[in-house]
Amino acid sequence: MFTNLRLWVNYMIGAGTAILLAVSVLSFFNLRALDGLALEAERTELRQYAERIRLDVEAETRLAEAMSALVANIPEVRHHFAAGDRDWLREQLLAPYEVLSKDYGAVQFQFHTPPATSFLRLHQIEKYGDDLSGFRHSVVDANTERTPQRGLESGVAGLGARGMVPVFDQGRHLGSVEFGMSFGPAFFEGFKARHGVEAALHLIRDGRIETFASTAGQQPLLDAASIAAAAAGTSQYAQLTIGGVHMAVYAEQIRDYAGQPLGVIEVAKDRQVYSRIRAQAIEQTWLLGTLVLAIGLVLALVSAWVLARRIERLTQGVDRVAAGDLARAVTLDGRDELAELAGATDRMRRHLRDLVAEVERNAISVHEAARQIAQAVDGQAATSSQMSSSVAEITSTMEELSSSSAQIAEYSGSVVEIARRTYDGSLHGEQAMRQLVDKMEEIRHDNQVSLKEIVDLGGKSKEITRIMEIIDTVADQTKLIAFNAALEASSAGEAGKRFGVVAAEIRRLADSVSESTAEIAHKIGEIQETIGRLVITSEKGSVGIDQGLDASARTADFLRELVQTASETTSSAQQISLSTQQQRTASNQVVVALKEIVTASAETAESVRRISQVAQSMTQLSAMLKGQVDRFVLDERTLESRPTVTEARPLGDA
């Protein structure tokens, strides 16, 4: 296909095509893996936000249970609850409840008598005595099983994050006390303000979808079928365009205090960040690919220049031999195939020089014999007929010698062609071997870096997780202490007001610590995403190894072709040796014929004229043979007096 182009051009085309193909394939699969990674990252991030909502709800219910446990274990409260003293409880606990409602998000504070009768609602003083057993199953369970209960549950005041604890006085079960924390639109708006994502809770009642609270409107972002599937326990993920904004939406099931399906948590986030990261990754991928292609082409050009220079030097030596200069050696530095070919060419030059020297000596001898025959024509009368036959045989032998010389020239041209084919094979072998070494080195480096990062990040994430657990425990204890302090300050009246302010500040500090803990959890999620990307980078290494093996196979094929070419060179050298043997035999025949002429000259006297003519012909032929032999330069001393051998062509024509 490229036989009309220079060898270095063919090499550049092949190398450039291979590098471009490798860069394109790697870029395609890298971008494809990046899309999958971005999609999984979005799902994971939204799933973490949904889990964050669960954790926030769990924290609220745990706080509600803690406050209920605190009140249930105050001796005065138990004593007056046992006595049914509703007024005393209202007078003593209303003021602390108002502080908790204002500063800590408590929206419900209630006492129950078994199994689920409202004894006192501090959030609705005038309403009590109603039976809640028909819909407040958590109250029934707390008083029946006499164990604390917490979780999400709907009541008279709506859905709430509730925590209740049974009350005992001297071993006698009195009922239960309950706190309910804020869980409504304000909860989800606060979550959006902290995390920057849309959040909603949709309840499933009698097969209908009811939005309890949402920061993105009163309708779910997902369709009804997806919400129903999420409510059934199958989490849903979708990419939507809402108001011209590309959003990623995730929905999963949420359960009530008893573990029964309650509704669906829906979170959504703008995909702009991931789209920007993907665009940057595409730009960097193509930039890196272009850089690799440029570097590869430069390396290929340098390699082509080096090999072309070596071929040029070898061609100059072969041209000298073809022009008849057998005095100067054909040499080439190095130990590669071109150097071996140069050695074989030089051995051929030495053989040719020896052959031409022997032919020259024989030609001189023939010329001298012809001169002697011409001088002794008068004494050759008796054997003129035999001399004529011998001269004819000498003529035939000389023709065979000329034919052998022509064959030697033809085989020399064959050696030049084989040298070119050997160059092609070695060039392809160099290309394949260089690709193999570069690719295997790159794969080794990527795998080492990836493994080190994975180990380091894994250890760091574990250490941070342990620290977060300690901080979270300290924050919860601090909140409980602050609440206890607030109750004590409220009971102390005016004297404890300043102490109540301090307790409020401690509560705010604990909230700040909890928010910081949430931020740290988010950072841990990012570290885990980084670990996932590093794992994918390691998997890339296996693809590179397969390509390296393919390059090795191609190198073996190219080297096999080079060996075959070398074999052809050996065959041509054998042909040259055979022709040399034929010329040696012909020379022997000339010597035998001359002896016959000397013997016949003593017996012939009548064929002087004819022998004279033959002698003249032999003189002419020997002069012509000597002229042909003189074209060859056999030593450095005769080189200066001979015409200059045609200079080698420039590198661009090599």
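Residues numbered from 1 in each chain as written. Predicted model: local features only at pLDDT ≥ 70, side-chain atom pairs only at ≥ 80, totals over all residues. Heavy atoms only, no water.

**Student:** Describe the overall build of the protein chain, and please don't skip the residues or the numbers.
**Tutor:** Each helix and strand in the protein chain was counted, giving 11 helices and 12 strands. A total of 654 residues make up the protein chain; the buried ones form 39% of that total. Long-range contacts, defined as pairs at least 24 residues apart, comprise 69% of the intrachain contacts of the protein chain with a sequence gap of at least 6. For the protein chain, the exposed surface amounts to about 34900 Å²; the carbon and sulfur share of it is 55%. (Helix = DSSP H or I, 4+ residues; strand = E, 2+ residues; numbered from the N terminus. Buried < 20%, exposed > 50% of the residue type's maximum accessible area, 1.4 Å probe, protein only. Contact = heavy atoms within 4.5 Å. Areas by Shrake-Rupley, 256 points an atom, 1.4 Å probe, with all protein chains shown as cover.)

**Student:** If you had to explain the pattern of salt bridges to someone new, which residues and values would you point to?
**Tutor:** Considering all chains together, one arrives at 19 salt bridges under this definition. Of the charged contacts, one joins D130 and R121 as a salt bridge, the two residues approaching to 2.8 Å between their closest N and O atoms. Looking at R121, the relative accessible area reads 2%, which means it is buried. A salt bridge links R349 to D346; its shortest N-O distance comes to 2.9 Å. Taken together, the residues R349 and D346, both in helix α8 (residues 337-375) and three residues apart, mark about one turn of the helix. Its relative accessible area of 8% is what places D346 among the buried residues. Taken together, the shared-partner salt bridges in this structure form one network comprising R136, E153, R162 and E178. (Salt bridge = Lys/Arg side-chain N within 4 Å of Asp/Glu carboxyl O.)

**Student:** An account of the pairing of strand β10 (residues 261-270) is needed here, citing residue identities and associated values.
**Tutor:** Within β10, seven of the 10 residues are buried, which leaves the element mostly enclosed by the surrounding structure. In terms of strand pairing, strand β6 (residues 198-205) meets β10 through six bridges, oriented antiparallel. Within the sheet, the bridge partner assigned to E198 lies in β10 and is A268. Note: strand β9 (residues 245-255) against β10, nine bridges, orientation antiparallel. Following the sheet pairing, A251 is matched in β10 by E266. (Pairing = 2+ DSSP bridges.)

**Student:** Explain unusual backbone geometry to me, using residue names and the numbers behind them.
**Tutor:** A cis geometry characterises the amide bond from P114 onward to P115, with omega recorded as -5°. Residue position: P115 is located in the loop between β1 (106-113) and β2 (117-121). In this structure, R146 is a non-glycine residue whose phi angle is positive, near 55°. Relative to the helices and strands, R146 resides in the loop between α4 (137-145) and β3 (149-155). Even without being glycine, Q170 reaches a positive phi, approximately 55°. Considering the arrangement of structural elements, one finds Q170 in the loop between β4 (158-169) and β5 (172-181). In this structure Q170 comes out as exposed when scored by relative accessible area, which is 80%.

**Student:** Please set out the nonpolar core residue by residue, giving values where relevant.
**Tutor:** In this structure, M67, V71, L93, F109, F111 and F179 are the most contacted members of the largest nonpolar core, which totals 28 residues. A total of six residues in this core trace back to one element, the largest contributor, which is helix α1 (residues 7-72). If you look at the next biggest cluster of nonpolar residues, it comprises 24 residues, including L46, L203, Y250 and L262. (Core = buried A, V, L, I, M, F, W, Y, C linked by side-chain atoms within 4.5 Å.)

**Student:** Mind laying out the packing of aromatic side chains, listing which residues take part and the relevant values?
**Tutor:** Ring pairs (aromatic) are described by centroid distance and by the angle formed between their planes. Considering all chains together, one arrives at six aromatic pairs under this definition. Measuring from centroid to centroid gives 5.3 Å for F187 and F188, while their planes differ by 85°, and the two rings are edge-to-face. A single burial state applies to F187 and to F188, both of which are buried. Aromatic ring contacts, followed pair by pair, group F81, Y97, F109, F111, F119 and F179 into a single cluster. Here the basic side chain of R86 rests over the ring of F119, its NZ or CZ set 4.4 Å away from the ring centre. (Phe/Tyr/Trp six-rings, centres within 6.5 Å; stacked < 30°, edge-to-face > 60°. Lys NZ or Arg CZ within 6 Å of the ring centre and 35° of its normal.)

**Student:** Give me the lowdown on the sheet that holds β9, citing residues and values where you can.
**Tutor:** Strands sit in the order β7-β6-β10-β9-β8 across an open sheet of five strands; the sheet is antiparallel. In this open sheet, the two edge strands, each paired with only one partner strand, are β7 (208-214) and β8 (236-242). Taken over all neighbouring pairs, the strand axes of this sheet differ in orientation by 30° on average, direction set aside. Set on the sheet, helix α5 (residues 185-195) makes contact with β6 and β7; between it and β6 the angle comes to about 145°. Contacts from helix α6 (residues 224-231) reach β6, β7, β8, β9 and β10 within the one sheet, and its direction differs from that of β10 by about 125°. (Axes fitted to C-alpha atoms, helices over the stretch in contact; angles between N-to-C directions.)

**Student:** Residues and numbers for the pairing of β7, please.
**Tutor:** One ladder, built from six bridges, connects β6 with β7; its direction is antiparallel. Bridge pairing in β7 places L201 opposite A213. Here β6 folds back onto β7 in antiparallel fashion, the turn holding two residues, of which D206 has a positive phi close to 55°.

**Student:** Describe helix α3 (residues 86-104), listing the residues and the values that go with them.
**Tutor:** Approximately 40° is the largest bend angle found in α3, and it occurs at L93, with the proline P96 only one to four residues beyond. Of all the residues in α3, the buried ones are L89, L93, P96, Y97, L100 and Y104. Where α3 terminates, the next one or two residues include G105, which has phi positive at roughly 80°. (Bend = angle between axes of the 7 residues up to and from the residue.)

**Student:** Give a description of the confidence of the model for the protein chain that names residues and reports values.
**Tutor:** Caution applies to low-pLDDT regions: their predicted coordinates should not be interpreted in detail. For the protein chain, per-residue confidence averages 77 on the pLDDT scale, and 76% of positions sit at 70 or higher. Every residue in residues 644-654 is under pLDDT 50, and counting partners more than four places away or in other chains gives 19 contacts. (pLDDT = per-residue confidence, 0-100.)

**Student:** I'd love a proper account of a nonpolar patch on the surface, names of residues and values included.
**Tutor:** Taken together, the side chains of L288, L291, V292, I295 and L299 present a nonpolar region at the surface, about 440 Å² in accessible area. Mapped onto the secondary structure, L291 falls in helix α7 (residues 272-322). (Patch = residues over 30% accessible without salt bridge, like charges linked within 9 Å, V, L, I, M, F, W, Y side chains within 5 Å.)

**Student:** How would you explain the sheet that holds β5 if you had to name every residue and give the values?
**Tutor:** Strand order in this open sheet of five strands is β2-β1-β5-β4-β3, and the pairing throughout is antiparallel. Each edge of the open sheet carries a strand with a single partner, namely β2 and β3. Between one strand axis and the next, the sheet turns through 35° on average, direction left out of account. Here β1 runs beside β2; their pairing, made up of four bridges, is antiparallel. The residue bridging Q110 from the neighbouring strand is R121, located in β2. Each of β1, β2 and β5 is contacted by α3, which is oriented at about 155° to β1, the strand it contacts most. Against the sheet, α4 makes contact with β1, β3, β4 and β5, and its axis sits at roughly 140° relative to β3, the strand it touches most.

**Student:** How would you sum up helix α2 (residues 75-82)? Please name residues and give values.
**Tutor:** Within α2, burial applies to V77, H80 and F81. End-on view of α2: buried residues confined to an arc of 105°, all on one side of the axis. Immediately beyond the C-terminal end of α2, within one or two residues, lies G84, with a positive phi of roughly 70°. (Arc of directions from axis to C-beta.)

**Student:** Could you give me a rundown of the side chain of H112, with the residues and numbers involved?
**Tutor:** Its place among the elements puts H112 in strand β1. Judged by relative accessible area, which is 0%, H112 ranks as buried. Here the side chain of H112 touches E178 through a polar contact of 3.0 Å, side chain to side chain. Those residues within four positions of H112 in sequence are excluded, and the remaining contacts are F81, T117, F119, L132, V139, N143, L174, G175, S176 and E178. (Polar contact = N/O pair within 3.5 Å; in protein donor to acceptor, adjacent residues only side chain to side chain.)

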